[in-house]
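This is what each chain is made of:
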Amino acid sequence: MTTEPHRLSLRIVVPPLGTRAGAECRPVVDGRDVLTDVFDEGPAEDPRYLVGPSAPLHATDVPREVRLAEAGCTEGCCGAVYVTIRREGQHVVWSGWRNPVAEEVDLPEFRFDADQYEAEIHRATTDRSWEWPARTVARLLEERLREHTDWPAAWDCELDGVSAWPWEPDRITVFLFHPGRSAIREGRPWLQFRMTVAVSGDDPADQAERLEGRLTAEDPREAAEVCGGSKAFADQLGYPWPDRRRRARTAGGAGEAARRE
């Protein structure tokens, strides 16, 4: 007897603007939100992480473990949900469910038709109807900045990303590493910088173009503040370490950028 493949849908959930919560990409299998019954410690991952041209949900012959959700207090505290994704001929298989702080995740193996699966990822990647204006500006600006690889390198920096959150509906934040991610891996001094930029109701593409010109015209560190690394690293690299109370107020944004590492 042939078993019909499961069917995947990706549901983007956006909280009301002004809410202290982020956008989620929730996997729905055969009409069921599979995270609902097994994890209530935090949100599903942000769609910018799960879908996109190089996003981890794309299946290959090489199995890949992907995090689908993380506890609001961090994975190390209250856990996360991982699944291993692999391509088997005309099927995509989800198996090997794991939560680092639980004995098991009570979910079965799911087997999807590869064409339906990839079509759904493409749909979720190209559907931007859920974005609010600042989120669109952030996405377009990041795309433009990533084409300027010589810009951050000229200032001994590396672009981390451009973010927008519902609790800051009229602002976006640009994150940079100095000197770059390689310093983190190699144990050398490093810092993370952030620039918060106001956005308006103007056309998002026009705003992204204007901001690109403004940001690439000068050393980005001159207009940014340190938000990650350590005081010792800041002292070694010649930058002031932020006041602890100010740092606490901005930690949410810096943490969101850092979690992508």
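The structure this text deals with has already been given above.
The rules behind the values
- Residues numbered from 1 in each chain as written.
- Predicted model: local features only at pLDDT ≥ 70, side-chain atom pairs only at ≥ 80, totals over all residues.
- Heavy atoms only, no water.
- Salt bridge = Lys/Arg side-chain N within 4 Å of Asp/Glu carboxyl O.
- Disulfide = S-S within 2.5 Å.
- Buried < 20%, exposed > 50% of the residue type's maximum accessible area, 1.4 Å probe, protein only.
- Helix = DSSP H or I, 4+ residues; strand = E, 2+ residues; numbered from the N terminus.
- Pairing = 2+ DSSP bridges.
- Core = buried A, V, L, I, M, F, W, Y, C linked by side-chain atoms within 4.5 Å.
- Contact = heavy atoms within 4.5 Å.
- Expected span 1.5 Å × (residues − 1).

Novice: Just checking my understanding: could you explain the pattern of salt bridges for this structure?
Specialist: Considering all chains together, one arrives at 29 salt bridges under this definition. Within this structure, Arg 11, Glu 24, Arg 26 and Asp 33 form a network of salt bridges that share partners.

Novice: I would appreciate a short explanation of the state of the cysteines in the present structure.
Specialist: Two cysteines whose sulfur atoms are joined by a covalent bond form what is called a disulfide. This structure, assessed with the given rule, holds zero disulfides. In this structure Cys 78 is not part of a disulfide, and its nearest cysteine sulfur, from Cys 73, lies 3.4 Å away. On the basis of relative accessibility, which here comes to 27%, the residue Cys 78 falls in the partly exposed class.

Novice: Looking at this structure, how should I read the pairing of strand S8 (residues 158–163)?
Specialist: Within S8, five of the six residues are buried, leaving the element largely enclosed by the surrounding structure. Bridging between S8 and strand S9 (residues 171–178) involves five bridges; their strand directions are antiparallel. Residue Ser 163 lies in a different strand from S9, and its bridge partner there is Thr 173.

Novice: Explanation requested: the sheet that holds strand S2 (residues 24–29) in the structure shown.
Specialist: Backbone-to-backbone hydrogen bonds pair the strands of a sheet. The strands run either parallel or antiparallel. The strand order across the open sheet formed by three strands is S1-S2-S3, and the pairing between neighbours is antiparallel. In the strand order of this sheet, the two ends are held by strand S1 (8–13) and strand S3 (32–33), each with one partner. Pairing geometry for S1 and S2, over six bridges, is antiparallel. Note that in S2 the partner of Arg 11 across the bridge is Arg 26.

Novice: It is not clear to me how the nonpolar core should be interpreted in this structure. Could you clarify?
Specialist: It is characteristic of soluble globular proteins that their nonpolar side chains tend to be buried jointly. Ranked by size, the top nonpolar core spans 30 residues in total, and within it Leu 57, Leu 68, Ile 85, Trp 94, Trp 97 and Tyr 117 carry the most contacts. For this core, the elements supplying multiple residues, two or more each, are S1, S2, strand S4 (64–70), strand S5 (80–88), strand S6 (91–98), strand S7 (110–113) and helix H3 (114–126). Here this core takes four residues from H3, the largest share from any one element. Apart from the residues lying within four places of it in its own chain, the contact partners of Leu 68 are Pro 27, Leu 35, Ala 44, Glu 45, Leu 50, Leu 57, Val 81, Val 83, Trp 94 and Trp 97. Judged by nonpolar contacts, the second largest core, of 26 residues, contains Ala 138, Val 162, Ala 164 and Ala 208.

Novice: Quick question: what am I supposed to make of helix H4 (residues 133–146) here?
Specialist: Residue pairs three or four apart in sequence face the same way in an α-helix, which turns once every 3.6 residues. For H4, with 14 residues, the first-to-last C-alpha span of 20 Å sits near the 20 Å given by 1.5 Å per residue. Where H4 is concerned, the buried positions are Ala 134, Arg 135, Thr 136, Val 137, Ala 138, Leu 141, Glu 142 and Leu 145. As for H4, its buried residues are in contact with helix H1 (47–50), helix H5 (150–154), S8, S9 and helix H7 (204–215).

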